[in-house]
There are 2 protein chains.
Amino acid sequence: MSPSANRKHSIRRERILELLSGTKRHPTAEWVYEQLKREYPGLSLGTVYRNLRILVEEGLAQSIRGGKATDHFDADIAPHHHVTCDRCGKVSDAPVKVTEEFFKKMEKATGYRISFPQISVSGLCPDCQNQKSPLPE
Amino acid sequence: MSPSANRKHSIRRERILELLSGTKRHPTAEWVYEQLKREYPGLSLGTVYRNLRILVEEGLAQSIRGGKATDHFDADIAPHHHVTCDRCGKVSDAPVKVTEEFFKKMEKATGYRISFPQISVSGLCPDCQNQKSPLPE
DNA sequence: TTGTCTGCAAAACATTTGCACCTAT
DNA sequence: ATAGGTGCAAATGTTTTGCAGACAA
């Protein structure tokens, strides 16, 4: 499936996007699958993954680093901030300051309890800005 | 392995922590394994995972949501901020404002190019603050 | 008709776990 | 001696992919 191929109209893809648009959740592929399986009993999880990927490619949805996916480790245990490279997945420290008030606002706005005031942002790392480098980590 | 068991001295665990402490990278388990396999040819990847987990449990390292792990989706494609629940993995919107200057500072401090000014933070969601709820999503 | 989309099953990864043996205490 | 640590392989969980048939243009 090339990054910008000709698309046909697909009812599943349409419904997947509708589902995403119609919820405040930030669902996983699995959740989308469970919902839509009611409508389309034959639905395949592969189809959900494929279409989510396409929707992101087309800019109609975004994928979020979150959930339980934590596959990087750091021996610096003081709260500090990170940037992740969207291309190669590298994680680097971001030595910037964020005020305590900011996290208070976050707590107020979300109802979450932020015990570890640490921010992540993503972007393109210096290496990947020159597309030279392959994709190792 | 209970959350706070009695630990013995383990040379592998010690070396894993040293490796983490001695690098500015934020390595994956795989990377740690590759490095240490030179020293301990018989080393098992399972041992690396086990010890990373223990180090995090003991507060000697932290695990970072980053890398290529993106398993949640959102049809709201305008940059906005998120909180992730450390316990159940739920992701929610965080309607707070972050200045453009902040991201400029981030870019300056890291060399990354932040094309999508969006922040993630993690904490405990309201449901999980009352430990009642099980661990569904 | 043609190329895309889909279901299915297998494959590819990443991470965890059971088990028997090894080692620190 | 005893509980924790380790290697190994199998199990789990998640996401991707190859393929043959279905469908949209």
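What comes next concerns the included structure. On a predicted model such as this, the values are computed, not experimentally measured, just so you know.

On to the protein's contact with DNA strand C. Taken together, 20 residues form the shell around DNA strand C, and within it Lys8, Ser10, Arg12 and Thr47 of chain A together with Tyr49 of chain B come nearest. Counting only the atoms of DNA strand C within 4 Å of the protein, the fraction contributed by sugar and phosphate is 66%. Within the side chain of Arg50 of chain A, a nitrogen or oxygen atom sits 3.0 Å from a base nitrogen of DNA strand C. Between a base oxygen of DNA strand C and a side-chain N or O atom of Arg50 of chain B, the distance comes to 3.4 Å. For the surface near DNA strand C, the secondary-structure elements that each account for two or more residues are helix H1 (11–21) and helix H3 (45–57) of chain A together with helix H3 (45–57) of chain B. Residue contributions to the surface near DNA strand C peak at 4 residues, all from H3 of chain B. Split into classes, the residues belonging to the surface near DNA strand C amount to 4 nonpolar, 7 polar and 9 charged.

The next subject is the interface of chain B and chain A. For an interface, size is often stated in terms of accessible area lost upon the parts coming together. Counting residues at the interface gives 70 residues for chain B, matched by 71 residues for chain A. With both sides pooled, the region where chain B packs onto chain A buries about 6,300 Å², and carbon together with sulfur makes up 60% of that total. Three residues, His26, Phe73 and Tyr112 of chain B, lead the burial of chain B against chain A; their summed loss comes to 15% of the area buried on that side. Counting the contacts that link chain B with chain A gives 0 salt bridges. The interface formed by chain B and chain A includes 27 residue pairs in polar contact (both at pLDDT 80 or more). Here the element with the most residues in the side of chain B that touches chain A is helix H4 (residues 100–110) of chain B; it accounts for 6 residues. Here the residues of the side of chain B that touches chain A sort into 34 nonpolar, 23 polar and 13 charged. Where strand S2 (residues 72–74) of chain A lies against strand S1 (residues 62–64) of chain B, 3 bridges are found, and the strand directions are antiparallel. Of the residues in S1 of chain B, the one forming a bridge with Phe73 of chain A is Ser63 of chain B.

Let us look at the protein's contact with DNA strand D. Surrounding DNA strand D, one finds 20 residues, the nearest of these being Tyr49 of chain A together with Lys8, Arg12, Arg13 and Thr47 of chain B. Protein-adjacent atoms of DNA strand D, using a 4 Å cutoff, are sugar or phosphate at a proportion of 66%. Residue Lys8 of chain A places a side-chain N or O atom 2.9 Å away from a base nitrogen belonging to DNA strand D. At a separation of 3.0 Å, a phosphate oxygen of DNA strand D approaches a polar side-chain atom of Arg53 of chain A. Secondary-structure elements contributing two or more residues to the surface near DNA strand D are H3 of chain A together with helix H1 (11–21) and H3 of chain B. Residue contributions to the surface near DNA strand D peak at 4 residues, all from H3 of chain A. When its residues are assigned to classes, the surface near DNA strand D shows 4 nonpolar, 7 polar and 9 charged.

Overall, the coordinates contain 0 disulfides over all chains when judged by the stated rule. In this model Cys125 of chain A remains outside any disulfide bridge; the closest cysteine sulfur is found in Cys85 of chain A, 3.7 Å from its own. Cys125 of chain A gets classed as buried once you look at its relative accessible area, which sits at 0%. Of all cysteine sulfurs in the structure, the one in Cys85 of chain B sits closest to Cys88 of chain B, which takes part in no disulfide; the separation is 3.8 Å.

The rules behind the values
Residues numbered from 1 in each chain as written. Chains lettered and ligands numbered in written order. Predicted model: local features only at pLDDT ≥ 70, side-chain atom pairs only at ≥ 80, totals over all residues. Heavy atoms only, no water. Near = heavy atom within 4 Å. Polar contact = N/O pair within 3.5 Å; in protein donor to acceptor, adjacent residues only side chain to side chain. Helix = DSSP H or I, 4+ residues; strand = E, 2+ residues; numbered from the N terminus. Nonpolar A, V, L, I, M, F, W, Y, C, P; charged D, E, K, R; others polar. Contact = heavy atoms within 4.5 Å. Buried area = accessible area lost by both parts, 1.4 Å probe. Salt bridge = Lys/Arg side-chain N within 4 Å of Asp/Glu carboxyl O. Pairing = 2+ DSSP bridges. Disulfide = S-S within 2.5 Å. Buried < 20%, exposed > 50% of the residue type's maximum accessible area, 1.4 Å probe, protein only.

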